[in-house]
Amino acid sequence: MKANKMRRRFSLCCVAAATLLLVGCNPESGAATYEVIYPSGYTRDYTTYHKEIPVEGASCSLQWEKAKDYEKTYEYDLRILDENDSVLYEYPNMGSDIMRGVMQEENMVWICAEHWTSHHHRGYLEGWLKESDVFLINLRDGKILFQGRAGENEFYLTSNGTRCYFYAPGKEEQEKLFGLVKIPAEHAEIYYRDTLDWGKEHTVYTFDYVAKPDIDTSGGVETRIKFYISETQLKVVWTSYESVGNGNWEYLEKKAYEIPIVENIP
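Residues numbered from 1 in each chain as written. Predicted model: local features only at pLDDT ≥ 70, side-chain atom pairs only at ≥ 80, totals over all residues. Heavy atoms only, no water.

A.B. asks: Where do I start with the overall build of the chain in this structure?
C.D. replies: What the chain contains, in helices and strands, is 2 helices and 19 strands. Burial analysis of the chain (266 residues in total) assigns 43% to the buried set. Long-range contacts, defined here as pairs at least 24 residues apart, represent 46% of the contacts in the chain between residues at least 6 apart. (Helix = DSSP H or I, 4+ residues; strand = E, 2+ residues; numbered from the N terminus. Buried < 20%, exposed > 50% of the residue type's maximum accessible area, 1.4 Å probe, protein only. Contact = heavy atoms within 4.5 Å.)

And the structure:
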């Protein structure tokens, strides 16, 4: 009996140790998550899983489908559907299973196909965005009017005219060559890329923080940055998921920033 109890206790200890090890070794733990909120009420975060994705401000929608050679390439086809879910246009190997779309003006739609490397989240986790493909498509004939690529951790927010706006998290100070070379820290910022000179970043707003603002999130279990999108401004809100009593939990606002964007258009 004692031997059985000893073996059982040992097994339980091993399971507990393994669980702690897995949690402690999860590189995604502790990173801030993202949520995008559009005027229509549609939101997108790491829990969202839609094969058919609404286009903000339009009756059409986006759909992803695994490419014919998916097992080799892991690529997706992009489809644009009309209001009856009929396929208007299809673009092989140009999609992603995480996409967003915004109507720019009549019959013009911006599409962002995001490529995340996170394993325990469906994207929208700070520091885990590999790259994004951004397209401007004419819905009259399906022609791609512009195609550009955004790099690592450039999080697409919206488009206005020929400008596409991104949020970039800050970068901590780095040392190289055994401390002989120091690369200064970079604050988080919002900037735009213009279709006329896509390779250049045009800073719109620089935040007062590198990693996160001076806020208390010690009582929370998740820190989330909420991006409220409108035609005139971007609102960036830092929140903490905390208990509010009686078994209820909410994302409590800690700090908010409002950044106008219309005035930046000539």
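A.B. asks: What is the right way to read the sheet that holds strand 19 (residues 248-260) from this model?
C.D. replies: The 5 strands lie next to each other as 2-1-17-18-19, forming an open sheet whose pairing is mixed. At either margin of the open sheet sits one strand with a lone partner, and together these are strand 2 (43-44) and strand 19. (Pairing = 2+ DSSP bridges.)

A.B. asks: Please explain the sheet that holds strand 4 (residues 61-66) as it appears in this structure.
C.D. replies: Sheets are built from strands paired through backbone hydrogen bonds, the pairs being either parallel or antiparallel. Overall, mixed pairing links the 8 strands, which are arranged 6-5-4-3-7-8-9-10 in an open sheet. The strands lining the two open edges of the sheet, one partner per strand, are strand 6 (87-95) and strand 10 (144-150). The sheet shows a mean angle of 20° between the axes of neighbouring strands, direction not considered. Direction of pairing for strand 8 (residues 108-116) relative to strand 9 (residues 129-138): antiparallel, over a ladder of 9 bridges. Paired with Met108 across the strands is Asn138, a residue of strand 9. (Axes fitted to C-alpha atoms, helices over the stretch in contact; angles between N-to-C directions.)

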